Amino acid sequence: MPKRVDHEERRTQIAEALVRVAGRRGLHAVGMRDVAAEAGVSLRLVQYYFQTKEKLLFYGIQHLTDRFTARVGARLAAIGPEPGPRATIEALLLASLPTDEEGRTFHLLYSSYSILSVTDEALAAQPFIDNPDAAENAVTGLLERARAEGLADPGVDARVEAISLLAMAATMGTSILVGQRGPDAALAVLTHHLDRIFTSGAAGDAGAAGISDAARA
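About the cut-offs
- Residues numbered from 1 in each chain as written.
- Predicted model: local features only at pLDDT ≥ 70, side-chain atom pairs only at ≥ 80, totals over all residues.
- Heavy atoms only, no water.
- Helix = DSSP H or I, 4+ residues; strand = E, 2+ residues; numbered from the N terminus.
- Buried < 20%, exposed > 50% of the residue type's maximum accessible area, 1.4 Å probe, protein only.
- Contact = heavy atoms within 4.5 Å.
- Axes fitted to C-alpha atoms, helices over the stretch in contact; angles between N-to-C directions.
- Parallel < 35°, antiparallel > 145°, perpendicular 65-115°, else oblique.
- Left-handed = near helix turned anticlockwise from the far one by under 90°.
- Nonpolar A, V, L, I, M, F, W, Y, C, P; charged D, E, K, R; others polar.
- 1 Å grid on protein atoms, 1.4 Å probe; cavity = no way out; pocket = protein on both sides within 12 Å on 5 of 7 lines; lining within 4 Å.
- Points joined across faces, edges and corners; volume = space filled by probe spheres on them.

Chemist: Which residues make up the overall build of the protein, and what values go with them?
Modeler: Scanning the protein for helices and strands turns up 11 helices and zero strands. Going from the N terminus to the C terminus, the protein shows its helices and strands as α-α-α-α-α-α-α-α-α-α-α. Of all 217 residues assigned to the protein, the portion counted as buried reaches 45%. Across the protein, every contact between residues at least 6 apart in sequence was considered, and the portion connecting residues at least 24 apart equals 67%.

As structure tokens, this is what we get:
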């Protein structure tokens, strides 16, 4: 009896290959033939599952986003069962920084896809991510919760601060990637702004005293 093919597993295998080769060479320089060679499968098989390079890149970015979500979850699990709003925000922001190989790959490919989609009509024609405001909404909700629980400045504008923190983390990530500053300097800037938002020493939040060791891991 022929072996049953797990199509989702095969797509994941190809997506992982895309992430590896694009992490080395850059997303713009990767073709379907390169991905096939990295995955150890035929070009025809990659084309069977994704038809076009644009569909392959989009699936790869979705896969990378799933990996990022798992990365944030692992950081939160390391902190404890109830990390609190600040520690949760820290975990999300730090997971996006290129302070290790996984973070470097995420920031490089995610940023590259964003830039390529501006000038590539085929990429621009498909959605970038399913919910582009997911992170912004999540951080906004956490800041609103912190404000309601007395863990943050009562006058804080949760939406504006969420946008600012995410934009800051993205910019800091690029500055680390190009060697403008080191991870510790970037973390110090993020800590400064979190200290401004959150009440110093607020009880009930694992991150209230600054970026925790678990969040740095």
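So, next bit.
Chemist: Outline the packing of helix 1 (residues 7–25) against helix 2 (residues 32–39), supporting the account with residue identities and numerical values.
Modeler: Contact pair helix 1 / helix 2: the axes reach a minimum separation of 8 Å and the direction vectors enclose 110°. One element, helix 1, and the other, helix 2, form an angle in the roughly perpendicular class. For the element pair helix 1 and helix 2, the recorded crossing hand is right-handed. Note on element contacts: helix 2 touches helix 1 through Asp34, Val35, Glu38 and Ala39, opposite Gln13, Ile14, Ala17, Leu18, Arg20, Val21, Arg24 and Arg25. Considering only residue class, the contact of helix 1 with helix 2 consists of six nonpolar, one polar and five charged.

Chemist: Which residues make up empty space enclosed by the protein, and what values go with them?
Modeler: This model, assessed by the stated rule, comprises one cavity of 30 Å³ or more. Size it by volume and the largest cavity reaches roughly 30 Å³. Lining of the largest cavity is provided by Leu18, Val19, Leu27, Leu57, Gly60, Ile61, Leu64 and Leu109. Among the elements of the structure, helix 1 and helix 4 (53–79) are those that each provide at least two residues to the lining of the largest cavity.

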